[in-house]
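Topology and contacts: notes
Chain by chain, the residues:
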Amino acid sequence: MSMSSTSIVAEDSAGLNPHSVSVDVLIVGAGFSGLGMGIQLRKAGNDSFLIIEKGSDIGGTWWDNRYPGCACDIPSHLYSFSFEPSSDWTRMYSGQKEIQDYLKRCVDHHNLRGNIRLNTRFEEARWDESAGLWRIRTADGLEIDARILVSGMGALHVPRFPTLKGVERFAGPVFHSAQWDDSVALEGKRVAVVGTGASAIQFVPQIAPRVGKLHLFQRTPAWIVPRLDYAFTEEKKRRFRRIPLLRWLFRQYIFWRQEVRVLAFLGNARFRSKMEGIARHHLRRQVKDPALREALTPHYALGCKRVLVSDDFYPTLSRANVELVTSEIKEVRQHSIVTEDGTERPIDVLIYGTGFRATEALIGCRIIGRGGQEIHDVWKTRMSAYLGITVSGFPNLFILLGPNTGLGHNSVVLMIEAQVRYVIRCLKLMKSRKQRVMEVRREVQDSFVAETHRRLQKTVWLSGGCHSWYQDQNTGEVTTIWPGSVIAYMRRTHGITASDYQLSS
């Protein structure tokens, strides 16, 4: 079901230069963000768009991450487009393959295949002031002219690797969970896993029964709540198909169940205490050994780091062939790892479960706006955007899941849809005003960013007693999370205020 990586846009098939393309809108990334943008452009009657994707298939993070047990931690009926509901989800929490297959069905349903170019890595975009266009270059030499540039690259696609002394000397296989190496046989091997985040708690239970010995190196324990996953029966799926209202009500139930959890993160101590009680009970029920339970008990407020969901991670740590290691890694040797307490553990394979470089947006590319300013230079002191979408000095650039629009409690697909609707309204505003270019005013962006960071001060992400990947590694500022509910963000992006922008022809 894979799509061709050759030139597939209409201009190429018409016999024009296959190394040069001109479209109204260029979208970078073929995950939920990029595909959602393409679908809504088509619905709005704009067929002049191209989606470029660095991977060899669509799906974004749901193609990049294919480690054992890879699944979403938001229920499937909510982690999907509201305009493309499915009655066929097999489980409450679907796995990577099922989510990617869902996105492929969306592509086919909305006839997007002719607008997607795979194996095409975005390299540079430069704003041409005189032409009012973005001049884009890809790694394979394709040149694209586009009036509108939309980033759908997201934050969970560039792996983060810890600095481990001596790791270059290690003789065995080394890989990150986001770059899982299926060619490495783990059966009977001594495996070291570094990290206990959202990916590790999924793949560790999957590989533990296969390996000879698994050493899990934990820096900080996570708050983990029950997953309560289950399979949907065929009868339930038939009911969803026969009664769409039932499916909609189920989605609404999940939404509000997730949405109310934000109260724990925004300063409601009573609600946070209740959630912490649920997590502690989950830990006590699944881990009987007092020493292991203490090592797995967080000593910071719930929500400060991402809250994880799992029913099989804790039981896995009680297996005879699994060891939780809390002493810091001192060095990696040719066939072993030595920790600060002096213990040397022989290992054959080293796997990183250390997450992504989430606070470093637009990694590996350059975007050059007005006056030759590059976006990373502009963001050197603080990564920011108005509503997380538009950046002053970068006309006609729209970022999906940009700064301060991530979530710790609900489905980011809801945020993507709100942002896509906002971008469509911006395009319609330009068309109605007979203008071709729009740029957010600097004072408007600065006011929004100041307000966002004022609101963050009272949240668990800054006052919870931890350091997390939500925070900028240099400044400690939270540049990833929206300090509010999904409903609040939807209201904020519901309409566009023309005076927030400079429009020109």
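The written sequence of each chain sets the order in which its residues are numbered from 1. Per-residue local features of the predicted model are confined to residues with pLDDT of at least 70, and side-chain atom pairs are confined, for both listing and counting, to 80 or more; whole-chain, interface and lining totals are unaffected and use all residues. Side-chain calculation: all heavy atoms of the structure are included, whereas hydrogens and water are not.

1. Section: the pattern of salt bridges
In plain terms, the rule: Whenever a carboxyl oxygen of Asp or Glu lies within 4 Å of a side-chain nitrogen of Lys or Arg, that contact is scored as a salt bridge. Helix and strand assignments come from DSSP, with helices taken as H or I runs of at least 4 residues and strands as E runs of at least 2, each series counted from the N terminus. For each residue, the accessible area found with a 1.4 Å probe, counting protein chains only, is set against the maximum for its type, and the residue is called buried under 20%, exposed over 50%, and partly exposed in between.
Taken as a whole and assessed by the stated rule, the structure comprises 37 salt bridges. One salt bridge in this structure joins R117 and D140, with 2.8 Å as the shortest N-O distance. Within this pair, whereas R117 is found in strand β3 (residues 116-117), its partner D140 is found in the loop between β5 (133-138) and β6 (143-151), the two being separated by 23 residues in sequence. Taking relative accessible area as the criterion, R117 reaches 10% and is therefore assigned buried. Here R160 makes a salt bridge to E360, at a shortest N to O gap of 3.5 Å. Highlighted residues: R160 in the loop between β6 and β7 (174-176) and E360 in the loop between β16 (349-352) and β17 (366-368), separated in sequence by 200 residues. A residue is classified by how much of its surface remains accessible, and R160, at 23% relative accessible area, is partly exposed. Overall, the relative accessible area of 32% leaves E360 in the partly exposed class.

2. Observations concerning the confidence of the model for the protein
How we decide: Per-residue confidence from the predictor is reported as pLDDT, which spans 0 to 100. We call two residues in contact whenever any of their non-hydrogen atoms come within 4.5 Å of each other.
Residues of the protein with pLDDT of at least 70 account for 96%, and the chain-wide mean is 93. pLDDT under 50 marks residues 1-16. Its contacts with residues more than four places away, or in other chains, come to 34 contacts.

3. Brief notes about helix α7 (residues 244-259)
This is how the line gets drawn: Multiply 1.5 Å by the residue count of a helix minus one, and that product is the helix's expected span. What the arc covers is the set of directions going from the helix axis to the C-beta atoms.
Compared with the 22 Å implied by 1.5 Å per residue over 16 residues, the 22 Å span of α7 between its first and last C-alpha is a close match. Inspection of α7 places R247, F250, R251, I254, F255, Q258 and E259 among the buried residues, and these make up the whole buried set. The buried residues of α7 all sit within an arc of 165° when viewed along its axis, so they share a single face.

4. Quick notes on the environment of A146
By the element assignment, A146 lies in strand β6. Expressed as a C-alpha distance, the spacing of A146 and S336, which sit 190 residues apart in the sequence, is 52 Å. Apart from residues no more than four positions distant in its own chain, A146 is found in contact with V23, D24, V25, L26, L133, W134 and I136.

5. Digging into the sheet that holds strand β14 (residues 336-339)
For clarity, the cut-off: Strand pairing is assigned whenever DSSP identifies at least 2 bridges connecting the two strands. The convention used is that axes are lines fitted to C-alpha atoms, helices contributing only their stretch in contact, and that angles between N-to-C directions extend from 0 to 180 degrees.
The antiparallel open sheet is built from three strands, whose spatial order is β13-β14-β15. Of all the strands in the sheet, just β13 (329-332) and β15 (344-346) have a single pairing partner and so form its edges. In this sheet, neighbouring strand axes are inclined to one another by 25° on average, regardless of whether the strands run parallel or antiparallel. As paired elements, β13 and β14 share three bridges and run antiparallel to each other. Within the sheet, the bridge partner assigned to I329 lies in β14 and is T339.

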